[in-house]
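Here is what each chain is made of, one letter per residue.
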Amino acid sequence: MNLDTVADELYGLRPEEFVAARDRHALAAREAGDRSLAEEIRALRRPSLAAWVSNLLVRRQPEEVEPLLGLGERLRRAHRELDGEQLRELARRQNEVIGALGRQARKLAGQAGHPVGEGVQREVEETLHAVLADPRAGREWAAGRLVKPLTSPAGFPVADEALLGDRPTPAAPGPGSPARGRKRGADNERRRPHTGTRGKTREAEQERAREAERERTREAERERAREAERERAREARRELRAREEEADAAARAVDEAGARTAEADERVGELRERLRQAEEEQRRARAGVREARDRARQADRAAREARRRSGTAAARSGS
């Protein structure tokens, strides 16, 4: 038995089975004389429900691990290279894959006898986002031994809407741009005889510029609204993590109390065994005392009988 083998077994169990199985392994290691291993096993933490479902996905569908890690690498590369077209395509793929895996993980939990709700599914999907964003998170997830769900950095891999969304069509080049200048020069050449159309052309250009400015303002407002929504989501995640940490602390207290109970039970068992052995030794000692007393009485009777015989023989010889 070693820590890796035990941990692999424990994190494949349902959360409510974890503590009892862990304590059994710790006790077995202690009885085998390996106190260091027993302490390491006892230090293993029970997974939260969302972490267990994430582990279940890895264990039941290992064929999904490498494709997701590969998608994360391509997404990170697209972010680094600012490849908008590639990023939009990968982000669509990301949303499809994470949604499908989240639903599949929830289905697997039900099949394993522990149905979960949408809240747990969202935590699993958040873990998958973290896997795409961070290779270290990907390695943790792929090991199938998460203790709590992972969280992704703000803004990735939920790609920036300015790259992924339906962006407004860029405004036409301004009057000072070379393309506009060349086009306007050509138009002027063609329209030179029709001087009455120049004012209309300038008005149309000005209107396009004003519309482009209005669109930029609207886009800035939309971006501010999106940022406010992202901040609310981050705050919700922080609140969730705080509640999870409280739950983990409570779970650790339960685990530690269980560990202390197991140690006390073990000591009681040892004391009972020593008491049984002492009582057995006492019983044997008392039996020895009784036997010694019986032998002493027998020896005393034999001595008296010998003295009696000796006296009788002496009397006979004197007469």
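Residues numbered from 1 in each chain as written. Predicted model: local features only at pLDDT ≥ 70, side-chain atom pairs only at ≥ 80, totals over all residues. Heavy atoms only, no water.

1. Section: the confidence of the model for the protein
Per-residue pLDDT for the protein has a mean of 79; in total, 79% of the residues score no lower than 70. Counting contacts from residues 157-195, a segment whose pLDDT is below 50, to residues more than four positions away or on other chains yields 40 contacts. (pLDDT = per-residue confidence, 0-100. Contact = heavy atoms within 4.5 Å.)

2. Concerning helix α5 (residues 65-81)
The end-to-end C-alpha distance of α5 is 25 Å, a good match for the 24 Å that 17 residues give at a rise of 1.5 Å each. The set of residues buried in α5 consists of Val 65, Leu 68, Leu 71, Gly 72, Leu 75, Arg 76 and Ala 78. An end-on view of α5 places all buried positions within 160° of arc, on one side of the element. α5 presents Glu 66, Arg 80 and Glu 81 as exposed residues on the side facing more than 90 degrees away from its buried surface. (Helix = DSSP H or I, 4+ residues; strand = E, 2+ residues; numbered from the N terminus. Expected span 1.5 Å × (residues − 1). Buried < 20%, exposed > 50% of the residue type's maximum accessible area, 1.4 Å probe, protein only. Arc of directions from axis to C-beta.)

3. So, the pattern of salt bridges
Summed over all chains, the structure comprises 25 salt bridges. The residue Asp 134 makes a salt bridge to Arg 136 at a minimum N-O spacing of 3.8 Å. The class of Asp 134 is partly exposed, set by a relative accessible area of 23%. When the shortest N-O distance is used, the salt bridge between Glu 211 and Arg 218 registers 2.9 Å. (Salt bridge = Lys/Arg side-chain N within 4 Å of Asp/Glu carboxyl O.)

4. Quick word on the environment of Leu 146
On the secondary structure map, Leu 146 appears in the loop between α8 (135-143) and α9 (161-164). Sequence spacing of Leu 146 and Ala 50 is 96 residues, and the spatial spacing of their C-alpha atoms is 9.2 Å. Not counting chain neighbours up to four residues away, the residues in contact with Leu 146 comprise Tyr 11, Pro 47, Ala 51, Ser 54, Asn 55, Thr 127, Glu 140 and Trp 141.

5. Some thoughts on the side chain of Gln 121
Position of Gln 121 relative to the elements: it lies in helix α7 (residues 118-133). Owing to a relative accessible area of 13%, Gln 121 belongs among the buried residues under this scheme. Apart from residues no more than four positions distant in its own chain, Gln 121 is found in contact with Gly 102, Arg 103 and Arg 106.

6. Comments concerning the nonpolar core
Proteins that are soluble and globular tend to have nonpolar side chains buried together. Core analysis: the largest hydrophobic core is formed by 32 residues, its most contacted members being Val 53, Leu 57, Leu 68, Leu 128, Trp 141 and Leu 150. For this core, the elements supplying multiple residues, two or more each, are α4 (49-60), α5, α6 (84-111), α7 and α8. The element that contributes the greatest number of residues to this core is α6, accounting for 8 residues. Each residue touching Leu 150, except ones within four places of it in the same chain, is listed here: Glu 126, Thr 127, Ala 130, Val 131, Ala 137, Glu 140 and Trp 141. The next biggest cluster of nonpolar side chains, apart from the first, holds 13 residues, and it includes Ala 7, Ala 21, Ala 26 and Ala 38. (Core = buried A, V, L, I, M, F, W, Y, C linked by side-chain atoms within 4.5 Å.)

7. Describing the packing of aromatic side chains
Per the counting criterion, the structure on display carries 1 aromatic pair. Measuring from ring centre to ring centre gives 5.2 Å for Tyr 11 and Phe 18, while their planes differ by 50°; the resulting arrangement is tilted. Take Tyr 11 and Phe 18: they sit in the same class, and that class is buried. (Phe/Tyr/Trp six-rings, centres within 6.5 Å; stacked < 30°, edge-to-face > 60°.)

8. Here we look at the packing of α7 against α8
One can describe the packing of α7 onto α8 by two numbers: an axis separation of 5 Å at closest approach and a directional angle of 125°. As judged from the angle between their axes, α7 and α8 are oblique. Read as a crossing pair, α7 and α8 show a hand that is left-handed. Two secondary-structure elements touch here, α7 through Thr 127, Leu 128, Ala 130, Val 131 and Ala 133 and α8 through Pro 135, Ala 137, Gly 138 and Trp 141. Grouping the amino acids of the contact of α7 with α8 by side-chain chemistry returns 7 nonpolar, 2 polar and no charged. (Axes fitted to C-alpha atoms, helices over the stretch in contact; angles between N-to-C directions. Parallel < 35°, antiparallel > 145°, perpendicular 65-115°, else oblique. Left-handed = near helix turned anticlockwise from the far one by under 90°. Nonpolar A, V, L, I, M, F, W, Y, C, P; charged D, E, K, R; others polar.)

9. Examining the packing of helix α1 (residues 3-10) against helix α2 (residues 15-31)
Relative orientation of the contacting elements α1 and α2 amounts to 160°, with a least axis distance of 10 Å. As far as their axial angle goes, α2 and α1 are roughly antiparallel. Classified by chirality, the crossing of α2 by α1 is right-handed. Contacts from Val 6, Glu 9 and Leu 10 in α1 reach Phe 18, Ala 21, Arg 22 and His 25 in α2. Of the residues in the contact of α1 with α2, the class split is 4 nonpolar, 1 polar and 2 charged.

10. Details of α8
Buried within α8 we find Ala 137, Gly 138 and Trp 141. The buried residues of α8 all sit within an arc of 105° when viewed along its axis, so they share a single face. Residues of α8 that are exposed and point over 90 degrees away from its buried face: Arg 136 and Arg 139. Contacts from the buried residues of α8 go to α4, α5 and α7. Remark: Gly 144 follows α8 within two positions and exhibits a positive phi of approximately 70°.

11. Topic: the environment of Phe 18
Structurally, the position occupied by Phe 18 is in helix α2. The buried category is assigned to Phe 18, whose relative accessible area is 0%. Distance in space between the C-alpha atoms of Phe 18 and Leu 44 is 9.6 Å, their sequence separation being 26 residues. Residue contacts for Phe 18: discarding those within four places in its chain leaves Leu 10, Tyr 11, Leu 44, Arg 45, Arg 46 and Pro 47.

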